[in-house]
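Listed below, chain by chain, are the residues.
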Amino acid sequence: MFESLLKKVRMAALVPVVQTEEVETALHLVDALDAGGVKAIEMTFRTKNGEVGLRKIAACITAVRKEKPDFLIGAGTVTNETFASIAVESGAQFIVSPGYNEKTVDWCLAHEVPVIPGVNCASQIELAVGKGLSAVKFFPAELSGGVKMIKALSGPFPTLSFMPTGGINADNIGDYMKLPNVLAVGGSWFVKNTLYEDGSFERVTEETHRAIVRALGLRFGHVGINFNGEADGRSAASQLALFGFEGNENPASIFCGSEFELMKGNGRGTNGHIGILTYNVERALDYLSRFGYLPVAKTAKHETDDPDSPLTFVYLDKDIGGFGIHLKKSL
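Quick look at the structure, then. All values derive from a computational prediction rather than experimental measurement. (Residues numbered from 1 in each chain as written. Predicted model: local features only at pLDDT ≥ 70, side-chain atom pairs only at ≥ 80, totals over all residues. Heavy atoms only, no water.)

**Digging into the overall build of the chain**
Reasoning step 1: Broken down by element type, the chain carries 11 helices and 17 strands.
Reasoning step 2: The C-alpha extent of the chain, read off along each of the three principal axes, is 75 × 45 × 35 Å.
Reasoning step 3: A burial count over the chain gives 49% of its 331 residues as buried.
Reasoning step 4: Of the contacts made within the chain by residues no fewer than 6 positions apart, 63% connect residues no fewer than 24 positions apart.
Reasoning step 5: Averaged over its 32 positive side-chain charges, the chain has a centre that lies 1 Å from the centre of its 38 negative ones. (Helix = DSSP H or I, 4+ residues; strand = E, 2+ residues; numbered from the N terminus. Buried < 20%, exposed > 50% of the residue type's maximum accessible area, 1.4 Å probe, protein only. Contact = heavy atoms within 4.5 Å. Lys, Arg positive; Asp, Glu negative; His and termini not counted. Charge placed at Lys NZ, Arg CZ, Asp CG, Glu CD.)

**A short note on the packing of aromatic side chains**
Reasoning step 1: Counted under the stated rule, the structure contains 7 aromatic pairs.
Reasoning step 2: Centre to centre, the rings of F245 and F260 are 5.1 Å apart; their planes meet at 80°, and the pair counts as edge-to-face. Of this pair, F245 sits in the loop between α10 (230–241) and β11 (247–249) while F260 sits in strand β13 (residues 260–263); the two residues are 15 residues apart in sequence, bridging distant segments of the chain.
Reasoning step 3: F245 gets classed as partly exposed once you look at its relative accessible area, which sits at 23%.
Reasoning step 4: On the numbers, 5.7 Å between centres and 80° between planes, the contact of F313 with Y315 is edge-to-face.
Reasoning step 5: By relative accessible area, which is 9% here, Y315 ends up buried.
Reasoning step 6: Here K301 stacks its cationic end above the ring of F313, 4.9 Å away from the centre of that ring.
Reasoning step 7: Positioned above the aromatic ring of Y293 is the side chain of K318, whose terminal nitrogen or guanidinium carbon lies 5.3 Å from the ring centre. (Phe/Tyr/Trp six-rings, centres within 6.5 Å; stacked < 30°, edge-to-face > 60°. Lys NZ or Arg CZ within 6 Å of the ring centre and 35° of its normal.)

**Describing the packing of helix α9 (residues 202–216) against helix α11 (residues 281–289)**
Reasoning step 1: Relative to each other, α9 and α11 sit at 155°, their axes nearing to 10 Å. On the basis of their axis angle, the class for α9 and α11 is roughly antiparallel. Counting all contacts with α9, which are made through H209, I212, V213 and L216, the residues of α11 involved are R283, A284 and Y287.
Reasoning step 2: The residue makeup of the contact of α9 with α11, split by class, is 5 nonpolar, 1 polar and 1 charged. (Axes fitted to C-alpha atoms, helices over the stretch in contact; angles between N-to-C directions. Parallel < 35°, antiparallel > 145°, perpendicular 65-115°, else oblique. Nonpolar A, V, L, I, M, F, W, Y, C, P; charged D, E, K, R; others polar.)

**Concerning the side chain of S97**
Reasoning step 1: With respect to the element layout, S97 can be found in the loop between β4 (94–96) and α5 (102–110).
Reasoning step 2: Once you skip the residues sitting within four places of it in the chain, S97 turns out to touch V78, I116, P117, G118 and K137.

**Observations concerning the sheet that holds strand β9 (residues 185–187)**
Reasoning step 1: Judged by pairing direction, the sheet is parallel, and its 6 strands sit side by side in the order β5-β4-β3-β2-β1-β9 without closing on themselves. Lying at the two open borders of the sheet, with one neighbouring strand each, are β5 (115–116) and β9.
Reasoning step 2: Sheet analysis places strand β3 (residues 72–76) next to β4, joined by 2 bridges and oriented parallel. Looking at β4, one finds that G74 is bridged to F94.
Reasoning step 3: On the sheet, helix α2 (residues 23–36) packs against β1 (14–18) and β2 (40–44) and is oriented at approximately 155° with respect to β2. (Pairing = 2+ DSSP bridges.)

Here is the structure:
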């Protein structure tokens with residue numbers, strides 16, 4: 001059960017950390033996140049209003065589960081067993097804590113509730129591994145050494161996944177998401193209340209979309225142009241060379257620089273194709289499926305001959321302006 005949940009978190013890639021005690025605000029935020037391409041949320045149990053505040057947060061979780069059953073929702077800042085119990089009763093699918101609290105972890109394990117406790121050093125990780133956990137929250141990420149620290153910890157703990165949170169933003173999220181042992185990234189910079197204090201949640205959607213694109217590392221790779229035979233392709237290559245795009249010929253095409261691929265015969269797409277790079281093809285496919293893009297299975301390529309190994313390349317089932325679209329794992 002834990003591994004199934006962790007797979008969903010991994011595919012989500014980005015877990016927004018939200019703090020609100022208002023059901024209406026929570027539902028608006030979830031709609032905004034959904035529109036931006038994110039299908040997960042962490043509702044934090046941070047409140048200055050005691051028991052009343054906790055119950056309001058729990059009500060937000062319950063409302064989100066009811067209105068968005070396909071949304072992945074966790075409870076954050078769960079610092080004791082009582083908070084964990086309230087969170088689970090309200091419908092939280094997993095528990096996240098800022099630190100390692102053995103009693104909270106034991107409660108979650110005893111009740112078969114997925115838990116991602118916070119750690120920032122090897123000693124705390126050993127405690128988590130000793131409990132059989134395969135994922136931990138790395139918090140506060142930037143202040144605890146950031147990417148360099150996660151890389152260092154991957155040596156003695158090669159099977160452990162990290163969910164870094166704290167100090168992450170649009171500028172550094174890509175550095176974390178490039179790491180193979182990063183489960184997902186938590187953050188709040190794109191769901192801050194200053195973005196919707198005027199009552200409009202459109203800016204949350206805009207910032208969410210920017211954040212998920214950064215998290216997935218989606219960017220332009222090259223454009224492929226279909227030509228009617230080798231002669232036409234070579235003629236176009238000689239013209240592009242005038243602009244500094246030197247040609248490098250292979251049996252099927254001519255690459256001019258890294259930006260243009262001139263197809264000697266018609267490939268996929270009426271006019272050609274557009275290559276999009278990403279840190280992780282599976283995550284990118286999960287994100288794009290929310291907007292109606294699906295993979296063309298017969299075009300898929302994997303790291304090894306094993307079809308269960310990570311994807312490195314695949315075409316999508318929709319064209320844009322007569323150009324086919326393919327995803328490729330960036331190096």
